[in-house]
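Below, each chain spelled out in residue letters.
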Amino acid sequence: MKKLLVILLFAYLPLLYAQEEKVYFDDALALHLRKFNNKSDLAIRNSMPNEVDTIFNSLVNNHLKNTYVSDLKLKKVSGGYLQTDKIDKPFLLITKNSAIIQTKEEIQTINTIANNYQGVVEIIVIYWDKLNIAKKNTKDYNKNVTVVYADERYNNSNRALSVYKHSFGVPTCFYINKDKQIFDIDRKFFLRNLKPETKEQFAEKTTKGISELLASHTDIAEHPIPKEDR
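Everything in this summary refers to the structure shown in the same document. (Residues numbered from 1 in each chain as written. Predicted model: local features only at pLDDT ≥ 70, side-chain atom pairs only at ≥ 80, totals over all residues. Heavy atoms only, no water.)

1. Section: the side chain of T84
Reasoning step 1: For T84, the location among the structural elements is in the loop between β2 (81-83) and β3 (91-96).
Reasoning step 2: Within the structure, T84 has its side chain in polar contact with the side chain of D71 (distance 3.2 Å).
Reasoning step 3: Apart from the residues lying within four places of it in its own chain, the contact partners of T84 are S70, D71, L72, L74, F91 and K180. (Helix = DSSP H or I, 4+ residues; strand = E, 2+ residues; numbered from the N terminus. Polar contact = N/O pair within 3.5 Å; in protein donor to acceptor, adjacent residues only side chain to side chain. Contact = heavy atoms within 4.5 Å.)

2. Some remarks on the nonpolar core
Reasoning step 1: F25, L64, L93, Y164, F168 and I185 are the most contacted members of the largest nonpolar core, which has 32 residues in total.
Reasoning step 2: Looking at this core, the elements that each hand over two or more residues are α2 (25-45), α3 (50-64), β3, β4 (122-127), α6 (161-166), β6 (172-176) and β7 (182-186).
Reasoning step 3: In this structure L64 touches F25, A28, L29, L59, F168, I182 and I185, once residues within four positions along its chain are discounted.
Reasoning step 4: In this structure, I94, V125, Y149 and L191 belong to the second largest nonpolar core, which totals 27 residues. (Core = buried A, V, L, I, M, F, W, Y, C linked by side-chain atoms within 4.5 Å. Buried < 20%, exposed > 50% of the residue type's maximum accessible area, 1.4 Å probe, protein only.)

3. With respect to unusual backbone geometry
Reasoning step 1: Following V170, the chain continues into P171 via a peptide bond in cis, with omega recorded as 0°.
Reasoning step 2: Along the chain, P171 turns up in the loop between α6 and β6.
Reasoning step 3: With phi around 60°, S47 is a residue other than glycine that occupies positive phi space.
Reasoning step 4: Checked against the element boundaries, S47 lands in the loop between α2 and α3.
Reasoning step 5: Even without glycine at this site, K180 takes up a positive phi of about 70°.

4. Some remarks on the packing of helix α4 (residues 104-116) against helix α7 (residues 196-215)
Reasoning step 1: Contact geometry for α4 and α7: axes closest at 11 Å, N-to-C directions at 35°. Considering how the two elements wind past one another, α4 and α7 form a crossing that is right-handed. Contact with α4, carried on its side by E105, E106, T109, I110 and I113, involves K199, F202, A203, T206 and I210 of α7 and no other residues of that element. (Axes fitted to C-alpha atoms, helices over the stretch in contact; angles between N-to-C directions. Left-handed = near helix turned anticlockwise from the far one by under 90°.)

So, to be careful, I would describe these as geometric facts and stop short of saying anything about function.
Set out below in structure tokens:
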């Protein structure tokens, strides 16, 4: 009898998993963003700005981590489209716009990271602006960084896309695993100044985030170890 129950259990388990519904990032965010904003506003009014980071980390870890990203069809600055569902590796989605000053040093650092993880992690920078402005501001990225743009005034085909702009503002970096799930979110993804130690911290933090993203996969062994770009 016990053997029969075990057999039935194993036969039924795949059906249980198949019936589980995927939770998408934009849906989870819609449920919890207002509460996050209210708590953050209260912390700021009470002169506790550092508490905002704690509240944000709680939001990510308890409600957003492991949610799925909807398929995004993004226009490349170089022409053509990038469709996220067709990406077969983990990727970073970095949001930027022309209102935020981006230094050449920051772009160079992102280029170096993209070189180090070429073929292992896709680095995508999405620019919230018109094509001509995006081209002007992103010309220093190298070929290992995919630069895309989105002008919301004319973009009616990607309703889910606006979530990435209006959720936590810009610049923000979304770490997304091979299964198209949110692994982590860095809502302060920019190089604050040009001090050598700050540039090193920016690079080290991003590299650590990517390493943890890759380590979260059971198939990490099939990925080559990236070489340092010197």
